Amino acid sequence: TGSLVISKQVTPRAGVPSAGYTGGNRTFAINYSCVIGGATTASGVRNVAAGSSVTVTGIPATSVCTLSETQSAAAGDFADASYRWDGTSFTQPAIIPANGESAGTVVNYFTRDLATLTIAKTVQGDGYTGGDFTINYACGQGDSAVTGSVVIAHGESEQVQVPSGVACTVVE
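Residues numbered from 1 in each chain as written. Predicted model: local features only at pLDDT ≥ 70, side-chain atom pairs only at ≥ 80, totals over all residues. Heavy atoms only, no water.

A look at the sheet that holds strand 7 (residues 101-112)
Heads up, the condition is: A pair of strands counts as paired when DSSP detects no fewer than two bridges linking them. In this description a helix means any DSSP run of H or I spanning at least four residues, a strand means any run of E spanning at least two, and both kinds are numbered starting from the N terminus. Structural elements are reduced to axes, namely lines fitted to C-alpha atoms, with helices fitted over the stretch in contact, and the angle between N-to-C directions of any two is expressed from 0 to 180 degrees.
Spatially, four strands are ordered 4-1-7-6 in an open sheet, and the strand pairing comes out mixed. In the strand order of this sheet, the two ends are held by strand 4 (53-59) and strand 6 (83-91), each with one partner. Averaged over all pairs of adjacent strands, the angle between their axes in this sheet comes to 20°, without regard to strand direction. With seven bridges connecting them, strand 6 and strand 7 associate as antiparallel partners. By the bridge assignment for strand 7, Ser-89 is matched with Val-107.

Things to note about the side chain of Ser-82
The test is simple: Residues adjacent in sequence count toward polar contacts only when both atoms are side-chain atoms; beyond that, a polar contact is any pair of N or O atoms within 3.5 Å, and within protein one must be able to donate a hydrogen and the other to accept it. For this analysis, residues touch if any pair of their heavy atoms sits within 4.5 Å.
Here Ser-82 is to be found in the loop between strand 5 (64-68) and strand 6. Separated by 2.4 Å, the side chains of Ser-82 and Asp-80 make a polar contact. Beyond its immediate stretch of four places on either side in the chain, Ser-82 contacts Thr-111, Arg-112, Asp-113, Pro-163, Ser-164 and Val-166.

Let's talk about the nonpolar core
Buried together is how nonpolar side chains tend to be arranged in soluble globular proteins. The test is simple: What makes a nonpolar core is a set of buried Ala, Val, Leu, Ile, Met, Phe, Trp, Tyr and Cys residues whose side-chain atoms join them at distances within 4.5 Å. Buried means the residue's accessible area, taken with a 1.4 Å probe over protein chains only, is under 20% of the maximum for its type, while exposed means over 50%, and partly exposed covers the values in between.
If you look at the biggest cluster of nonpolar residues, it comprises 21 residues, and the most contacted ones within it are Leu-4, Ile-6, Tyr-32, Ile-59 and Phe-110. Listing elements by their share of this core, those giving two or more residues are strand 1 (2-12), strand 2 (27-36), strand 3 (39-49), strand 4, strand 5, strand 6 and strand 7. Residues within four places of Leu-4 in sequence aside, it is in contact with Tyr-32, Cys-34, Val-54, Thr-55, Val-56, Ile-59, Cys-65, Leu-67, Pro-93, Ile-96 and Ser-102. Counting 10 residues, the second-largest nonpolar core is a separate cluster that includes Leu-117, Ile-135, Tyr-137 and Val-166.

Shown next as structure tokens:
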């Protein structure tokens, strides 16, 4: 017999802050199924935390195993509502060797949805003689917050990309 090592990773898509995943000790249900010549030799589910692995022992040598997962969001997965799961990839294990192990990895990707925030400036009343205004914005909280500023004049506007579904504060 041999062993199957199942590993789990959670990875941000390019340009997405890794601080967006806040799942902590959450585990993911990873299904495995092993066969020889079409006959099932081992199958089951193992709960694996991100960045961890579990080992299933006692699998008949020469079994070919496959991994699968049904991806679902859980409370606390992400820093704010702008993050979401964005697909899964599998590195399937090779044939289980006698007295050895074969490893497979499940990677869940996450992304961040963005929205356009339009910041506009209008001056009301007398006394304005011209000039630009610096307007600061902050959207979200903590390590995944997006902050910045724009410089605009009376009657102008500028658009910036901010996290979708989170509160923003705009101050001059």
